[in-house]
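Chain by chain, the residues:
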Amino acid sequence: MRTQITWADRVHDRDGVKQCIYDMCFKPDGTQLIVAAGQRVMVYDTTDGDLVQALKGHKGTVYCVSYSSDGKRFASGGSDNTIIIWTSKLDGILKYSHNDPIQALQYNPVTQQLASCTATDFGLWSPEQKSVQKHRVNSKIICCSWTNDGQYLALGHFNGHVSIRDKEGTEKVRIEREAPVWTLSWNPSTDEPYEILAVGDWNQKL
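Residues numbered from 1 in each chain as written. Predicted model: local features only at pLDDT ≥ 70, side-chain atom pairs only at ≥ 80, totals over all residues. Heavy atoms only, no water.

A. Quick look at the environment of Ile 102. Within the element layout of this structure, Ile 102 appears in the loop between strand 8 (92-97) and strand 9 (104-107). Judged by relative accessible area, Ile 102 falls into the buried class, the value being 0%. Spatially, the C-alpha atoms of Ile 102 and Gly 77 are 5.4 Å apart, while their sequence positions differ by 25 residues. Contacts of Ile 102, omitting those with residues within four sequence positions, involve Tyr 63, Cys 64, Gly 77, Gly 78, Asn 81, Thr 82, Ile 83, Cys 117 and Thr 118. (Helix = DSSP H or I, 4+ residues; strand = E, 2+ residues; numbered from the N terminus. Buried < 20%, exposed > 50% of the residue type's maximum accessible area, 1.4 Å probe, protein only. Contact = heavy atoms within 4.5 Å.)

B. Fine view of the sheet that holds strand 16 (residues 171-176). With respect to topology, 4 strands assemble into an open sheet ordered 13-14-15-16, the strand pairing being antiparallel. Each having just a single partner strand, strand 13 (141-146) and strand 16 make up the two edges of the open sheet. Averaged over neighbouring strand pairs, the angle between their axes works out to 20° when direction is ignored. In this sheet, strand 14 (residues 152-157) lies alongside strand 13 in antiparallel orientation, the contact comprising 5 bridges. (Pairing = 2+ DSSP bridges. Axes fitted to C-alpha atoms, helices over the stretch in contact; angles between N-to-C directions.)

C. Spatial organisation of the pattern of salt bridges. Throughout the structure, instances matching the rule amount to 5 salt bridges. As a salt-bridge pair, Lys 172 and Asp 166 come within 3.8 Å of each other at their nearest N and O atoms. Across the pair Arg 174 and Glu 171 runs a salt bridge whose closest N-O atoms are separated by 3.3 Å. A relative accessible area of 43% means that Arg 174 is categorised as partly exposed. A residue is classified by how much of its surface remains accessible, and Glu 171, at 30% relative accessible area, is partly exposed. (Salt bridge = Lys/Arg side-chain N within 4 Å of Asp/Glu carboxyl O.)

D. Structural detail: the packing of aromatic side chains. Under the defined criterion, the tally for this structure stands at 5 aromatic pairs. Between the aromatic rings of Tyr 22 and Tyr 63, the centroid separation amounts to 5.1 Å while the plane-to-plane angle is 70°, which identifies the pairing as edge-to-face. Of this pair, Tyr 22 sits in strand 1 (residues 21-26) while Tyr 63 sits in strand 5 (residues 62-67), placing them 41 residues apart in sequence. Ring geometry for Tyr 67 and Phe 74: centres 5.0 Å apart, planes at 35°, overall tilted. What makes Phe 74 buried here is its relative accessible area of 0%. (Phe/Tyr/Trp six-rings, centres within 6.5 Å; stacked < 30°, edge-to-face > 60°.)

E. The arrangement of the state of the cysteines in detail. If you walk through the whole model with that rule in mind, you get 0 disulfides. The cysteine Cys 25 is free of any disulfide, with Cys 64 supplying the nearest cysteine sulfur at 10 Å. In this structure Cys 144 is not part of a disulfide, and its nearest cysteine sulfur, from Cys 117, lies 3.9 Å away. (Disulfide = S-S within 2.5 Å.)

F. Spatial organisation of the sheet that holds strand 7 (residues 82-87). An order of 5-6-7-8 is seen for the 4 strands of this open sheet, with the pairing classed as antiparallel. Across the chains shown, the open sheet's two edge strands, defined by having one partner strand only, are strand 5 and strand 8. Neighbour to neighbour, the strand axes of the sheet diverge by 20° on average, direction disregarded.

G. Broad picture of the environment of Lys 59. Position of Lys 59 among the secondary structure elements: in the loop between strand 4 (51-56) and strand 5. Once the C-alpha coordinates of Lys 59 and Ser 79 are considered, the two residues, 20 residues apart in sequence, prove to be 8.0 Å apart. If near-sequence neighbours (up to four positions away) are discounted, Lys 59 is found in contact with Gln 39 and Asp 80.

Spatial relationships are all this shows, so hold off on functional conclusions.
Okay, here's the thing in C-alpha cells:
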C-alpha cells in the first residue's frame, strides 16, 4: 500500500512558537479533525486542511479531546483541570472541573456518557444529568476505553493496574501489570463471543 500526504500544518501560538499536539479525534462523519494543540482546540476541514476555527477557553495546555458518536458534541480537557463541552457548531456550552489536570477523555459510544480521568479520580458526565459523578482512585489514570456496547470502561493506571468499571463507576475487575499502563483499547468487533482488551505498558509488553 502506498501512502501520500494530503495536507499538513504546523501549529503555532500568537508569538509564533510551535505547539505540541497532544491528542486528536475525528468528527464521526469524517468532515472535521479536532486537535489539542497548546492552549487551543483546533478544528480542521479534513478535505483540504483548512483551519475552520481555533477554539479558546482553556487556561492551560489541552491534553485530550473526544467526540461523541452521535456527532452532537465533543469535549476537551487539559492542565487547567477543566473539561469543556463543545457543540458540533463549535460553541462551548458547559464546563466542569476536577482537582487535577485531565489526563484522558472518552465518550461512551452508546449512552454518550463522558469519562474524564485525572491523577486522583475520574468523572462520568451525561447530557441528561446536571452533576458529574466522581470516583476516587489511588493511582494516576493514564488512559481509558469503553467497550463497544458501552457497558464497561477500562482505566489504565500508572501503578500498573487496569480497572474495569461499569457505567455507574463501580469496579468489576482489576488486572495487575508490572509497569504503568500507557495505552489500552477494547476490540470494536461485534462478532466476538466475549470482550477483548489490548493493553500496552511501560515495560514494552503488549
